[in-house]
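Analysis of the macromolecular model
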Amino acid sequence: GTPAPAVGLTWRPTMKDILCPTDLTPASENALRWGGAIAKAIGQSITLLHVLEKDERRGDLTELKARVASEAERFASGVEVRKEFPTGDPLKGIIHGSERDHALMVAGTHGPKGLRQSLFGADMLRLVRHVAVPSLVVQADSPAPGAERILLPVAGHADISHLLDATCLLARAFNSEVQVFQVIRPGETPSEQLMRNKQAMIRRFRDEKIPHREVDVPSTVFSIGFAEQTIRYAQESGAGIIAIMAKASDEYRWIADAEKERLLMNNARIPVLCGI
């Protein structure tokens, strides 16, 4: 079943350490590369976490720990890296690990197919919804770390503060411009919550002197959701990160899972920041 939501420590934007779960595959290597770049930019450390499953606990851990150390040296050189090897279910182990003092989780996904797909593929949406911190989801062949632009679709959730905190963190780390993005459908009036959130986004970036601009585009895709047009615009505008809420808003709950999975596994390989 779905793990219970993380409890205990409440995430605060003052937290700095970057959590990087790894399964020693190219996807998690690229995630560590991104985590290392962020940690270096904000002058902080990384916690590299590998959950030991049953087959790994039976044997000698020397070689596995050496591989994790090598991964840290190759992809996060110059950054302090703490290595943790909890035991048990990987999903629960990562959720538990996220409850400590972290600013962000950076995790790799293999997409809907591939090695370890049950955790870092099909279960990725479940994971980012239950960890205690915002998450940046990176694919194995996502571009090198950096984001000249961050695309932030306007969300209709009651509380978007953690998404804004994490977006500001990444915008500062990469000197990014944030594009506050909204698809306008003919004859459709946005909800009051959506418009309040849009103004809150713009106000936050203005107050923190983060470069930003408002982007309203007419709907050009015959689709119930917004994922396809969001990905298309992100490609056209050269966005290096797409920022979304992990959980569904009340407004679009019935289509949210498919839309969010499509964004997380987007064919453009653009990393996706997921707010909590």
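Refer to the structure above for everything that follows.
A brief structural summary.

What counts, and where the lines are drawn
- Residues numbered from 1 in each chain as written.
- Predicted model: local features only at pLDDT ≥ 70, side-chain atom pairs only at ≥ 80, totals over all residues.
- Heavy atoms only, no water.
- Helix = DSSP H or I, 4+ residues; strand = E, 2+ residues; numbered from the N terminus.
- Buried < 20%, exposed > 50% of the residue type's maximum accessible area, 1.4 Å probe, protein only.
- Contact = heavy atoms within 4.5 Å.
- Pairing = 2+ DSSP bridges.
- Axes fitted to C-alpha atoms, helices over the stretch in contact; angles between N-to-C directions.

1. Thoughts on the environment of Val79
Structurally, Val79 can be placed in the loop between helix H3 (62-75) and strand S3 (81-84). The buried category is assigned to Val79, whose relative accessible area is 12%. Spatially, the C-alpha atom of Val79 lies 6.6 Å from that of Gly36, the residues being 43 residues apart in sequence. In this view, Val79 contacts Gly36, Ala39, Lys40, Gln44, Ser45 and Ile46; residues no more than four positions away in its chain are not counted.

2. Things to note about the sheet that holds strand S2 (residues 46-49)
With mixed pairing, ten strands are arranged side by side in an open sheet as S3-S2-S1-S4-S5-S10-S9-S6-S7-S8. A single partner strand is all that each edge strand has here, and the edge strands are S3 and strand S8 (212-218). Strand-to-strand twist across the sheet, computed as the mean angle between neighbouring axes with direction ignored, equals 25 degrees. Two strands pair when backbone bridges link them, and strand S1 (residues 17-21) and strand S4 (residues 102-109) are joined in this way by three bridges, in the parallel orientation. Looking across to S4, one finds that Ile18 is bridged to Leu104. The sheet strands contacting helix H1 (residues 26-42) are S1, S2, S4, strand S5 (135-139) and strand S9 (241-245), and the helix crosses S4 at an angle near 155 degrees.

3. With respect to unusual backbone geometry
Excluding glycine, most residues fall at negative phi; most peptide bonds, likewise, are trans. In this model, Leu24 sits at a positive phi of 60 degrees, which is unusual for a non-glycine residue. Among the structural elements, Leu24 can be located in the loop between S1 and H1. We classify Leu24 as buried; its relative accessible area is 12%. The phi dihedral of Asn175 is positive, around 55 degrees, even though this residue is not glycine. Turning to its location among the elements, Asn175 is positioned in the loop between helix H7 (161-174) and strand S7 (177-184). Looking at Asn175, the relative accessible area reads 68%, which means it is exposed.

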